[in-house]
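The lines below spell out each chain.
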Amino acid sequence: KFPYAKVLDLAFLASAKDPANLSALKEAAESQNPITRFWGLSGLTSLGKQALPTASTLKTALRDSEPILRAQAAQALYRIGKKDLALKSLAKEIINPKRSITEQGFIANIYMQIRETKAIPGEWIEKAKKADTKTQPRLSTLVEKLKLLE
């Protein structure tokens, strides 16, 4: 049975932006459950520089089995000041040919959130520009939105 109430509580905790939740969010980011890890990493991201004490947890999360979680960890690292490491990790993720359109969109959205769209690898932009608008409409729309942010 899926623990909806527990996950919902964690989502609210992650959204609170309260540094008092740091240890609980760190614990969640280190969980065996990927959904729990997502909310833990999201909460650490929302804390920004206040999450600096969790840098080692965030660096470990760059090796997570889930690409979305690796990207979320990169965003949290960016927000605590580890910008070079974060951008390198995001670039590696977005150009990986195994990434689904949804995963690519999630990663591109992180670039937008951290206001680093110019750091998106050119090879990904070129590939996305050539996306078939009938089979991959979200990708071509995303590239258009990126142009507006330049």
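Residues numbered from 1 in each chain as written. Predicted model: local features only at pLDDT ≥ 70, side-chain atom pairs only at ≥ 80, totals over all residues. Heavy atoms only, no water.

Caption draft 1: Region of interest: the pattern of salt bridges. Across all of its chains, the model carries five salt bridges by this definition. Salt-bridge contacts for Arg70 lead to Glu93; the nearest nitrogen and oxygen are separated by 2.6 Å. A residue pair is termed long-range when its members are at least 10 positions apart, and Arg70 in helix H5 (residues 67-79) and Glu93 in helix H6 (residues 83-94) qualify at 23 residues. Assessed through its relative accessible area of 5%, Glu93 is described here as buried. For Glu93, the salt bridge is made with Arg99, and the minimal N-O distance between the two is 3.0 Å. In terms of burial, Glu93 and Arg99 fall into one category: buried. (Salt bridge = Lys/Arg side-chain N within 4 Å of Asp/Glu carboxyl O. Helix = DSSP H or I, 4+ residues; strand = E, 2+ residues; numbered from the N terminus. Buried < 20%, exposed > 50% of the residue type's maximum accessible area, 1.4 Å probe, protein only.)

Caption draft 2: Seen up close, the nonpolar core. The biggest cluster of nonpolar side chains holds 41 residues, and the ones touching the most others in it are Leu41, Leu44, Leu58, Leu90, Ile94, Tyr111 and Trp124. For this core, the element with the highest residue contribution is H5, accounting for seven residues. (Core = buried A, V, L, I, M, F, W, Y, C linked by side-chain atoms within 4.5 Å.)

Caption draft 3: View of the side chain of Asn21. Note that Asn21 resides in the loop between helix H1 (4-15) and helix H2 (22-29). For Asn21, a relative accessible area of 13% gives the class buried. Contact partners of Asn21, with chain neighbours within four places excluded, come to Leu13 and Ala16. (Contact = heavy atoms within 4.5 Å.)

Caption draft 4: Local environment of the packing of aromatic side chains. Counted under the stated rule, the structure contains two aromatic pairs. For the ring pair Phe38 and Trp39, a centre distance of 5.2 Å and an interplane angle of 80 degrees mean the geometry is edge-to-face. What makes Trp39 partly exposed here is its relative accessible area of 25%. (Phe/Tyr/Trp six-rings, centres within 6.5 Å; stacked < 30°, edge-to-face > 60°.)

Caption draft 5: Representation of helix H8 (residues 122-129) in the model. Looking only at H8, the buried set comprises Trp124, Ile125 and Ala128. What you see down the axis of H8 is that its buried residues fit within an arc of 100 degrees, all on one side. (Arc of directions from axis to C-beta.)

Caption draft 6: Quick look at the environment of Pro97. Along the polypeptide, Pro97 turns up in the loop between H6 and helix H7 (101-113). Considered as a pair, Pro97 and Trp124 are 27 residues apart in the sequence and their alpha carbons are 9.7 Å apart.

Caption draft 7: Summary view of unusual backbone geometry. Phi is positive for Lys17, which is not a glycine, with a value near 55 degrees. Looking at the element boundaries, Lys17 is found in the loop between H1 and H2. The backbone of Arg115 sits at a positive phi, close to 60 degrees, despite the residue not being glycine. In this structure, Arg115 sits in the loop between H7 and H8.

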